[in-house]
Amino acid sequence: MAVARAGAWGLALALLGLSAAWAQAPLSAAAPSSAAEKETLLWVMVHSPPTAILQGSGQGLGFVDKALLLFQAGLPELQHQVLDGNYARAAVELRSKPNVCVAAFLRLPEREAFVHFSEPYLTALPYQLVTLQRERAGRLRLALDAQGRVDLAELLQGVPPGHLPQEGWRVGVAGGRSLGLRYDQMIKNLPTAARLSGRHGNPSVSGLLRMLVDDKVDAIIAFPTELSFAARELGLPSSELRLLPLREADAATTVHVGCSRSALGARAIEGINAVIRKQGPRIENFYREWLPTSSRANAAGPRP
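Residues numbered from 1 in each chain as written. Predicted model: local features only at pLDDT ≥ 70, side-chain atom pairs only at ≥ 80, totals over all residues. Heavy atoms only, no water.

Colleague: It is not clear to me how the pairing of strand β7 (residues 128-132) should be interpreted in this structure. Could you clarify?
Modeller: The two faces of a sheet get side chains in turn, since along a regular strand they alternate between them. Most of β7 sits inside the fold, with five of its five residues counted as buried. Note that β7 and strand β10 (residues 219-222) share three bridges and pair antiparallel. Its bridge partner being in β10, V130 is matched across the sheet by I220. Of the pairings in the sheet, the one linking β7 to strand β11 (residues 241-245) comprises five bridges and is antiparallel in character. Looking at the pairing, Q128 lines up with P245 of β11. (Buried < 20%, exposed > 50% of the residue type's maximum accessible area, 1.4 Å probe, protein only. Helix = DSSP H or I, 4+ residues; strand = E, 2+ residues; numbered from the N terminus. Pairing = 2+ DSSP bridges.)

Printed below as a string of structure tokens:
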């Protein structure tokens, strides 16, 4: 796992009112003697724009990138090292090391045994099914309920006899990633014949959207913020995309910091919670800035 480059973090720091000198210290190979005595906290970050942007345009300006700087500033007694990884590697690091934190981690029952979780620091809009406006809308209507929600199992299994095609839709998802309890259960309960394509690698949502445009899948599952960023990268007008709620989806997704279940991890979470209580509205606004305009009215407001 490679150490993430500082890149455009200086700009992000300036926007947050933090000094560039502070940011360079955690990543510096030659730390002062006083800093050498500090314990090191390893932050695993996953390149998943605009949650975290570790490379390219907008590096360091994702809403979790900005939140991370506040969390680190709230733990001045520790050295901080940022690592570029993926979701599967983040879980491995948390299990195997006592000094690891993941800045955006969903709280799941199976993770409680090896992770200390912070208080939630933002409430994100739920993931949605995304297809192209020109994509066989007549087929999609067969899988909508009275509230206009999509039944993913029905969509994947096909349509009633007499309607073509009967093989069901091809749906792309990010491989090795949890979107929450209900999503994980929904995917687990799908029939083995379901044509679900998992895409591994970063950034997964841009790759999924490319698969949709190239007709390798009929629909993908993504968060609104990720979709907006990926569409801009591909030069795809948002008017060409159709976003639909999933019937089995969580109403919203709460985001936490997860740290190793160790004494150091517990101390880190205590300091991070203090930052969340003080900077909650500011962190929520980092997220809202990345939402498509049409989705902002549905987003949770800043914390009181």
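Colleague: When you look at the environment of L227 in this model, what are you seeing that I'm missing?
Modeller: Tracing the sequence through the fold places L227 in helix α10 (residues 224-234). On the basis of relative accessible area, L227 is assigned to the buried category, the value being 4%. Residues L227 and S206, 21 residues apart in the sequence, show an inter-C-alpha distance of 7.8 Å. Discounting residues that sit within four places of it in the chain, L227 has contacts with V130, V205, L209, I220, L241 and L243. (Contact = heavy atoms within 4.5 Å.)

Colleague: Before we go on, may I ask you to explain the pairing of strand β12 (residues 253-260) in this structure?
Modeller: Counting buried positions along β12 yields seven of eight residues, so the element is predominantly enclosed. In the sheet, strand β4 (residues 100-105) pairs with β12 via three bridges, with the strands oriented antiparallel. Looking across to β12, one finds that F105 is bridged to H256. Sheet analysis places strand β5 (residues 115-117) next to β12, joined by three bridges and oriented antiparallel. Across the sheet, F117 pairs through a bridge with G258, a residue of β12.

Colleague: Would you mind going over the state of the cysteines with me for this structure?
Modeller: Chemically, a disulfide is nothing more than a covalent bond linking the sulfur atoms of two cysteines. Summed over all chains, the structure comprises one disulfide. A disulfide bridge connects C101 with C259, and the sulfur atoms are separated by 2.0 Å. Taking the torsion about the S-S bond as the criterion, the C101 to C259 disulfide, at about 105°, is right-handed. Of this pair, C101 sits in strand β4 while C259 sits in strand β12, and the two are 158 residues apart along the sequence. (Disulfide = S-S within 2.5 Å.)

Colleague: Help me out: how do you make sense of the packing of aromatic side chains in this one?
Modeller: Remark: the centre distance and the inter-plane angle together describe each pair of aromatic rings, the angle taken between the planes. This structure, assessed with the given rule, holds six aromatic pairs. Arranged with centres 6.2 Å apart and planes meeting at 20°, the rings of F105 and F117 form a pair that is stacked. Residue F105 is found in strand β4, and its partner F117 is found in strand β5; the two are separated by twelve residues along the sequence. Their ring planes at 75° and their centres at 6.1 Å tell us that Y127 and F223 sit as a pair that is edge-to-face. Taken together, the positions of Y127 in the loop between β6 (122-124) and β7 and F223 in the loop between β10 and α10 put the pair 96 residues apart, joining distant regions of the chain. Here Y127 falls in the buried class, since its relative accessible area comes to 1%. (Phe/Tyr/Trp six-rings, centres within 6.5 Å; stacked < 30°, edge-to-face > 60°.)

Colleague: Can you help me understand the nonpolar core in this one?
Modeller: Soluble globular proteins tend to bury their nonpolar side chains together. Counting residues in each nonpolar core, the largest one holds 36 residues, and the members touching the most others are W43, F71, Y121, V257 and I272. When residues of this core are traced back to their parent elements, those giving at least two are β2 (40-46), α4 (63-73), β4, β6, β12 and α11 (263-288). With sequence-adjacent residues up to four places away left out, F71 is seen in contact with W43, Y121, V257, I272, V275, I276 and I283. Grouped together as the second largest cluster of nonpolar side chains are 19 residues, W169, A219, L246 and A249 included. (Core = buried A, V, L, I, M, F, W, Y, C linked by side-chain atoms within 4.5 Å.)

Colleague: In this structure, what is going on with the side chain of N99? I would like to understand it.
Modeller: Of note, N99 is situated in the loop between α5 (87-96) and β4. You can call N99 buried: its relative accessible area is 18%. If we skip the residues at most four places from it in the chain, N99 touches T40, L41, L42, S260 and L264.

Colleague: What should I look at first to understand the side chain of S260 in this one?
Modeller: Along the chain, S260 turns up in strand β12. Setting aside anything within four residues of it in sequence, one finds S260 in contact with L94, K97, P98, N99, V100, F114, H116, G265 and A266.

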